[in-house]
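Here are the chains, one letter per residue:
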Amino acid sequence: MAIGSDQVGNAAVTTARVALVGNPNTGKSTLFNALAGLNVRTGNYAGVTIEKKIGRCSVGTRTIELVDLPGTYSMAPRSPDELVAVEVLTDDLENEPPVEVIVCVVNAAQLQRNLFLVSQLLELGKPTVIALNMYDAIDSRGITIDVDRLSAQLGIDVIPTSASKRRGIAELKQAIEKHLVDPGPAPARERTLPESFYDVCGDFRESLLSGACTTGPSATAETALPDDYLIQRMLLDRGGESERRVIRRLGGGVLPPLMAARQKLATAVGDPIDMECNARYAWAKTKLDGVIGQTGRASSEITDRLDSVLTHRIGGLVCFVLVMLLIFQSIYAFSSIPMDMIDGATGFVSDSVSSMMAPGMLRSLLTDGVIAGVGGVLIFLPQIALLFFFLAVLEDCGYMARAAFLVDRVMTLFGLSGKSFLPMMSSFACAVPGVMATRVIENRRDRFATIMVAPLMSCSARLPVYLLLIGAFVPATKFLGGWLSMPAIVLMAMYMVGVLTAIPVAWILKKTILRGEVAPFVMELPEYKVPAIRVVLSRVWEASLAFVVRAGTLIFAASIVIWFAGYWPGDHTRQYELETQLETIAEDSPEAELIQLALQTESADLLEGSALGRVGHAIEPAVRPLGWDWKIGVGAIASFPAREVIIATLGTIYSLGGDADEEGLAGAMRASTHPDGSPVYTIPVALSIMVFFALCAQCVSTLLVIRRETNSWSWPILSFTYMTVLAYVGALVTYQVGSRFF
Amino acid sequence: MTTLDQLLPGQRGQIVQIDGVDGIASRLREMGFIPGEAVEYLRRAPLGGPVKCSIHGCRIAVRGGEARRVLVQPIG
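Residues numbered from 1 in each chain as written. Chains lettered and ligands numbered in written order. Predicted model: local features only at pLDDT ≥ 70, side-chain atom pairs only at ≥ 80, totals over all residues. Heavy atoms only, no water.

**What about the overall build of chain A?**
Item 1. Looking only at helices and strands, chain A has 32 helices and 12 strands in total.
Item 2. Referenced to the eigenvectors of the C-alpha coordinate spread, the extents of chain A come out at roughly 100 × 60 × 50 Å.
Item 3. Burial status across chain A gives 55% buried among its 742 residues.
Item 4. Long-range contacts, defined here as pairs at least 24 residues apart, represent 74% of the contacts in chain A between residues at least 6 apart.
Item 5. Accessible surface, chain A: about 31500 Å² in total, of which carbon and sulfur atoms supply 62%.
Item 6. Across chain A, 60 positive and 72 negative side-chain charges occur, with their mean positions spaced 8 Å apart. (Helix = DSSP H or I, 4+ residues; strand = E, 2+ residues; numbered from the N terminus. Buried < 20%, exposed > 50% of the residue type's maximum accessible area, 1.4 Å probe, protein only. Contact = heavy atoms within 4.5 Å. Areas by Shrake-Rupley, 256 points an atom, 1.4 Å probe, with all protein chains shown as cover. Lys, Arg positive; Asp, Glu negative; His and termini not counted. Charge placed at Lys NZ, Arg CZ, Asp CG, Glu CD.)

**Some details on the sheet that holds strand S4 (residues 51-55) of chain B**
Strand pairing in a sheet is mediated by backbone hydrogen bonds. Such pairs are either parallel or antiparallel.
Item 1. The antiparallel open sheet is built from 7 strands, whose spatial order is S12(A)-S5(B)-S4(B)-S3(B)-S2(B)-S6(B)-S1(B). At either end of the open sheet lies a strand with only one pairing partner, and these are strand S12 (522-525) of chain A together with strand S1 (2-3) of chain B.
Item 2. Across 6 bridges, the pairing between strand S2 (residues 12-18) of chain B and strand S6 (residues 70-75) of chain B is antiparallel. Residue pairing for S6(B): Gly13(B) is matched across the bridge by Pro74(B).
Item 3. Helix H17 (residues 399-413) of chain A rests against S12 of chain A together with strand S3 (38-44), S4 and strand S5 (58-62) of chain B of the sheet, and its axis sits at about 140° to S12(A).
Item 4. Sheet strands touched by helix H1 (residues 23-30) of chain B: S12 of chain A together with S2, S5 and S6 of chain B. Its angle to S2(B), the strand with the most contacts, is close to 135°. (Pairing = 2+ DSSP bridges. Axes fitted to C-alpha atoms, helices over the stretch in contact; angles between N-to-C directions.)

**Some remarks on the environment of Met496(A)**
Residues and elements named next belong to chain A.
Item 1. Take Met496: it is sitting in helix H22 (residues 486-511).
Item 2. By relative accessible area, Met496 is classed as partly exposed at 34%.
Item 3. For the pair Met496 and Ser458, spaced 38 residues apart in sequence, the C-alpha separation works out to 8.5 Å.

**Points about helix H20 (residues 444-453) of chain A**
All names here are of chain A.
Item 1. Taking burial as the measure, the 10 residues of H20 include 8 buried ones, the bulk of the element.
Item 2. Listed in full, the buried residues belonging to H20 are Asp446, Arg447, Phe448, Ala449, Thr450, Ile451, Met452 and Val453.
Item 3. For H20, the elements touching its buried residues are helix H2 (80-89), helix H18 (421-426), helix H19 (431-437), H22, helix H31 (700-710) and helix H32 (714-741).
Item 4. Sitting at the amino-terminal end of H20 is Asn443, which places a side-chain oxygen 3.0 Å from the backbone nitrogen of Arg445. (Polar contact = N/O pair within 3.5 Å; in protein donor to acceptor, adjacent residues only side chain to side chain.)

**Focus on the packing of helix H28 (residues 645-656) of chain A against helix H29 (residues 664-671) of chain A**
All names here are of chain A.
Item 1. Where H28 meets H29, the closest approach of the two axes is 10 Å, and the angle between their N-to-C directions is 65°. In this view, H28 runs roughly perpendicular relative to H29, as classed from their interaxial angle. Taken as a pair, H28 and H29 cross one another with a handedness that is left-handed. Contact with H28, carried on its side by Ile647, Leu650, Gly651 and Tyr654, involves Leu665, Ala668 and Met669 of H29 and no other residues of that element.
Item 2. The residue makeup of the contact of H28 with H29, split by class, is 6 nonpolar, 1 polar and no charged. (Parallel < 35°, antiparallel > 145°, perpendicular 65-115°, else oblique. Left-handed = near helix turned anticlockwise from the far one by under 90°. Nonpolar A, V, L, I, M, F, W, Y, C, P; charged D, E, K, R; others polar.)

**Thoughts on the environment of Leu288(A)**
All names here are of chain A.
Item 1. Mapped onto the elements, Leu288 comes out in the loop between helix H11 (272-287) and strand S9 (292-294).
Item 2. A residue is classified by how much of its surface remains accessible, and Leu288, at 11% relative accessible area, is buried.
Item 3. A sequence separation of 232 residues divides Leu288 from Pro520, and the C-alpha atoms of the two residues are 32 Å apart.
Item 4. Ignoring sequence-local partners within four residues, the contact set of Leu288 consists of Leu111, Gln112, Leu115, Leu150 and Gln153.

**As for the interface of chain A and chain B**
It is common to give the size of an interface as the accessible area lost on bringing the parts into contact.
Item 1. Between chain A and chain B, the contact holds 47 residues from the first and 32 residues from the second.
Item 2. Of the roughly 3400 Å² buried between chain A and chain B, counting both surfaces, carbon and sulfur atoms make up 57%.
Item 3. In terms of surface lost to chain B, no three residues of chain A exceed Arg78(A), Phe405(A) and Val522(A), which account for 18% of the buried area on that side.
Item 4. We note a salt bridge from Glu527(A) to Arg59(B), for which the minimum N-O separation is 3.1 Å.
Item 5. Here chain A and chain B share 17 residue pairs in polar contact (both at pLDDT 80 or more) between them.
Item 6. Sorting the residues of the side of chain A that touches chain B by element identifies helix H3 (111-121), H11, helix H12 (301-310), H17 and S12 of chain A as the ones contributing at least two each. (Buried area = accessible area lost by both parts, 1.4 Å probe. Salt bridge = Lys/Arg side-chain N within 4 Å of Asp/Glu carboxyl O.)

**Quick look at the confidence of the model for chain A**
All names here are of chain A.
Item 1. Taken over all residues, the pLDDT of chain A has a mean of 84, while the share at 70 or more is 93%.
Item 2. For chain A, the element scoring lowest by mean pLDDT is helix H7 (residues 221-224), at 52; strand S8 (residues 157-160) scores highest, at 96.
Item 3. Confidence drops under pLDDT 50 across residues 1-12; counting only partners more than four residues distant or on other chains, this segment forms 12 contacts. (pLDDT = per-residue confidence, 0-100.)

**Overview of the nonpolar core**
Residues and elements named next belong to chain A.
Item 1. Membership of the largest hydrophobic core comes to 129 residues, with the highest contact counts inside it found for Phe421, Val453, Leu456, Leu469, Trp628, Met669 and Tyr681.
Item 2. In terms of domain composition, this core takes at least three residues from each of domain 3 (315-511) and domain 4 (572-738).
Item 3. Among all residues touching Tyr681, those that are not within four sequence positions of it are Leu469, Phe473, Ile632, Leu650, Tyr654, Met669, Ser672 and Ile689.
Item 4. Membership of the second largest hydrophobic core comes to 40 residues, among which are Ala19, Leu93, Leu122 and Ile130. (Core = buried A, V, L, I, M, F, W, Y, C linked by side-chain atoms within 4.5 Å. Domains from an automatic or database assignment.)

**Description of the domain arrangement of chain A**
Item 1. Here chain A is described as being made up of domain 1 (4-181), domain 2 (195-294), domain 3 (315-511) and domain 4 (572-738).
Item 2. For domain 1 of chain A and domain 4 of chain A, the distance between their C-alpha centroids amounts to 51 Å.

**Comments concerning the pattern of salt bridges**
Residue and element names in this part refer to chain A.
Item 1. Per the stated rule, a full pass over the model turns up 33 salt bridges over all chains.
Item 2. Where Asp237 meets Arg233, a salt bridge forms, and the shortest distance between an N and an O atom there is 2.8 Å.
Item 3. Here Arg262 ties to Glu243 by a salt bridge, and the two come within 2.6 Å at their closest N and O atoms. Of this pair, Arg262 sits in helix H10 (residues 255-269) while Glu243 sits in helix H9 (residues 241-250); the two residues are 19 residues apart in sequence, bridging distant segments of the chain.
Item 4. For Arg262, a relative accessible area of 10% translates into the label buried.
Item 5. Glu243 gets classed as buried once you look at its relative accessible area, which sits at 10%.
Item 6. Ionic contacts of the salt-bridge type, sharing partners, join the residues Glu123, Arg233, Asp237, Glu276 and Arg280 into one network.

**Here we look at unusual backbone geometry**
Residue and element names in this part refer to chain A.
Item 1. Phi at Asp91 is positive, roughly 55°, even though this residue is not glycine.
Item 2. As for its placement among the helices and strands, Asp91 is situated in the loop between H2 and strand S5 (101-107).
Item 3. Positioned with a positive phi, Met134 is a non-glycine residue whose angle comes to about 60°.
Item 4. Tracing the sequence through the fold places Met134 in the loop between strand S6 (128-133) and strand S7 (143-145).
Item 5. Taking relative accessible area as the criterion, Met134 reaches 22% and is therefore assigned partly exposed.

Here it is as structure tokens:
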């Protein structure tokens, strides 16, 4: 549900746009959540693929639109994420309202470094407020900050906040409101850099005006002339985004005067990058004069102590493996109660429908199609919520950056980097956010290689398939006094299949179409902190909601289509007669058993003769070498749009085939036999299905997001092709080798 | 004078210069690697992975290749 400005009843109310910006790891998202509460919607920036988060909140009597920008270190963007932050702040995105107030979130413990960005923001000439976040943490570090003095020296409001404890929120809102009530004249742009730099900028501007660039697409140079800010950035960032932007606007004619201006700049102040950084850090130093009192060590001892274990060259790797094992084991350990509850609820609904309706087409549609299909998928919600919970906790507490640090060396061996770790890890929840998370990778080749292997990580949609098959066919042998079980080990092995396959795939990509030099690697390791419960819960909530919506729409629709294909054509009169008879006689009479048997044969015959059955038999030769029967083949084909459909499909097939019994789908699968009486599902067959699902690209959403992020159809087509081939070969090898041993 | 990757764990150095003018050199400067600033070498990731160092009270991981571009004067 969108809560957009267009939906506000009173059209006279115009909502002011306030942008939230800051370095990564300053607690920006927590502050955003604290300000906006639940009034959050996500969308896309017009024309750009980056997702935006907009929250609405009231300050005083007004409602504002709060935009959460991606974290950035500087206004010289180096990744797609940073580029959007800069474009929004400079009002450069079409169809996006201008930003009226900037709230810069600053980590109180790292004031000096954070002031670098502040100094760049103050050159935008917009009202700016500083949220001095994580303010509660500085006491324990032995740091004191004279906030009033800092505010006076910067000439803007500085509000101490502790977003995780919800402190300072009201004061921050007041400070924002002050600028909205009385915007006043635009604040003077800070002039942080040496005077000679501004002289060169002025001269450059003159040379542009004098007509050197009228060859560009714009009518006159006057109207299209970039503002002072853009001119400054253009001179500072060699080959940067501002340069490209101005060339787009004015044409290549700007290049000669630009080169001349840069030359002049180099002789006046030396290398522009050196000059800028030195000047800004010097500026920060003067602004911090008398502001910070330090009585102890500046950095957190807790973080360093934890790091001495968690990033230790041996201990760190052991902890890493233990954390991963803990996650997989917990998915089993904590989810049985809610799963049983959902299972009970599904069973209750199914029984209620059966008892209220006479056997017939509609009842079959509801129980065999909708409830068997959607219910079979929904039951995995607790596990998916748990998986997202663990990932959100690991990310929010700061461990993910350590994991990236630990594995960087290994990742470089096959052409990726430690920065690829987080997107790949989030792909374990879902490849869609995983592919989007690659935006933090600055290097295009690294980014694309990560996008190509991210869908190999076992996402939560594969989890139901694994859980169903493991639950049905893997014995629950326990080891280590019950701390580790065989199903958990097999589950972990299935996750490893994807990971281990990603290695050669990435390596080949980096040796062929994505060949290039090793990209540099610089990454901040944030302080450890207690995860913000609200951030974690909102992630779990979003993921669960998305899963339920998917089950309610896509899986629902697929269930109905599959049910229809399995129902039609065929005369179901005799089937319903038998069902009616069965329901009128005592359950345990010998007669009931006979009718039950007749019913099963009748149902199975009807299914075999249905459209689904005919298609299934037609493709059977292709899936036979994998150890599959036609029912599994149909399930795999049907689940190309989304993996969970296999569960819905098998649920429907076995219900229609009359195989479903008290034990549900797992029981029906265990009981199902080939015409010769041998069981369909053996351990090699179950493994072959799992391997197929581990490697195959059965997810339209992922392919679409790859298309969006790479802005080309060739990458999703390549993903789909190579993954499908891998899946088939993988399943074939698994079955052929496995059946020699079992 | 030496480079950041050559310091010993726990050793501090004063930054003299960052080699190069490309994107990564400016990112390092933006993150506070500027001449005169003190940087502490903390540890190295397993198998010769990135170097973890502390500057301005922040912990930054840089790969060996990048650490070699940071010229430092060891302190003490």
